[in-house]
Amino acid sequence: MSRTIREIPNTDAPMELLMELLLIADPSEEKIRSYLPKSKCFVALDDGVTVGACAVQALGAGVHELMAIAVHPAHQRAGHGTALLKHVIEFYRASGARRLEVGTGTFGYQLAFYQRQGFRVDRIDHDFFIRNYPEPILEDGIRLFDMLRLTLNYPDRTTP
Ligand SMILES: CC(C)(COP(=O)(O)OP(=O)(O)OC[C@H]1O[C@@H](n2cnc3c(N)ncnc32)[C@H](O)[C@@H]1OP(=O)(O)O)[C@@H](O)C(=O)NCCC(=O)NCCS
C-alpha cells in the first residue's frame, strides 16, 4: 500500500467521487454543495485510488472548520482517516492558524478519533440536527439531535 495525502483544487475536484465520500460523513448533499466551493479539499489516495476526502472551511481570524471527513467503507480501519486528519492539522499549523474546529453528531468512535489528535470538547450545540436538517438523521439506528463541538488550539507562537 502506498498512501498519499494531497490538497486538490475544488474547481477540478472529481465532484462525483468527492460527493460520494463526503455523503458518508454529511447526509445533506445540499449542504455539501454549499460549503464545498468555499472549502479546501484534501484527499487520501491508496496506490493512486482516492479512498478518503476532507473539506475544511475558513471561518475567519485564523479559525478553520473541518466540515466533513470520510474514508470509503471498504478502506476504513487502515489508517487513512488518521493520516488525512494529521495532514490537515499540520497543514493549518504551518499556515499559522489559531484553531481548528469540528462538529460531530456521533459521540462514538469518532470522538476518540479526534481526541487522539488533540481535539478537546468545547460545547454541545443542542438540537443542531433538528434545526439544520429537515429529515431525521439516524446513525447506527440512533437519531441525532445534538452536535458535539470539538476544538484543537494551536499554541501561540508569539508567546515565548
Ligand atoms: C471517521 C473515519 C474518517 C475514520 O477513518 P479510518 O480510515 O477508518 O480511520 P483509521 O483507520 O485511521 O482509524 C483510527 C481509529 O479510529 C477508530 N475507528 C475507526 N473506525 C472505527 C469503527 N468503525 N469502529 C470503531 N472504531 C473505529 C479506531 O480506534 C481506529 O484505530 P484502530 O483501527 O487502530 O483501532 C471513517 O471511519 C469514516 O469515514 N466514518 C464515517 C464518516 C464519519 O463518521 N466521519 C466523521 C464525521 S464526525
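These figures come from a predicted structure and were not determined experimentally. (Residues numbered from 1 in each chain as written. Predicted model: local features only at pLDDT ≥ 70, side-chain atom pairs only at ≥ 80, totals over all residues. Heavy atoms only, no water.)

*Asks:* How would you explain the pairing of strand β2 (residues 39–46) if you had to name every residue and give the values?
*Replies:* Burial of β2 is extensive: seven of the eight residues sit out of reach of the surface. Across six bridges, strand β1 (residues 3–8) lies against β2 in antiparallel orientation. Note on β2: the bridge partner recorded for Thr4 is Leu45. Pairing of β2 with strand β3 (residues 49–60) involves eight bridges; the strand directions are antiparallel. In the sheet register, Ser39 faces β3, and the bridge partner there is Gln57. Connecting β2 to the next strand, β3, in antiparallel fashion are two residues, including Asp47 with a positive phi near 50 degrees. (Buried < 20%, exposed > 50% of the residue type's maximum accessible area, 1.4 Å probe, protein only. Helix = DSSP H or I, 4+ residues; strand = E, 2+ residues; numbered from the N terminus. Pairing = 2+ DSSP bridges.)

*Asks:* Break down the site of the ligand for me, with residues and values.
*Replies:* The environment of the ligand is made up of 18 residues, and the closest members are Val71, Gly79, Gly81, Thr82 and Gln110. With respect to the ligand, the side chain of Tyr109 contributes an N or O atom lying 3.0 Å from an oxygen atom. A distance of 2.8 Å separates an oxygen atom of the ligand from a polar side-chain atom of Gln110. Here the ligand, which alone exposes 900 Å², has 76% of that area covered by the protein. At four residues, helix α4 (residues 109–115) tops the list of elements feeding residues into the shell around the ligand. Classifying every residue of the shell around the ligand gives nine nonpolar, seven polar and two charged. (Near = heavy atom within 4 Å. Polar contact = N/O pair within 3.5 Å; in protein donor to acceptor, adjacent residues only side chain to side chain. Areas by Shrake-Rupley, 256 points an atom, 1.4 Å probe, with all protein chains shown as cover. Nonpolar A, V, L, I, M, F, W, Y, C, P; charged D, E, K, R; others polar.)

*Asks:* Give me the lowdown on the sheet that holds β3, citing residues and values where you can.
*Replies:* Strand order in the open sheet formed by seven strands is β1-β2-β3-β4-β5-β9-β6, with mixed pairing between adjacent strands. The strands lining the two open edges of the sheet, one partner per strand, are β1 and β6 (120–125). The average angle at which neighbouring strand axes cross in this sheet is 25 degrees, direction not considered. Sitting on the sheet, helix α1 (residues 15–25) is in contact with β1, β2, β3 and β4 (63–71), with an inclination near 70 degrees to β3. Where helix α3 (residues 80–94) meets the sheet, its contacts fall on β1, β2, β3, β4, β5 (99–104) and β9 (147–153), and the angle it forms with β2 comes to roughly 140 degrees. (Axes fitted to C-alpha atoms, helices over the stretch in contact; angles between N-to-C directions. Contact = heavy atoms within 4.5 Å.)

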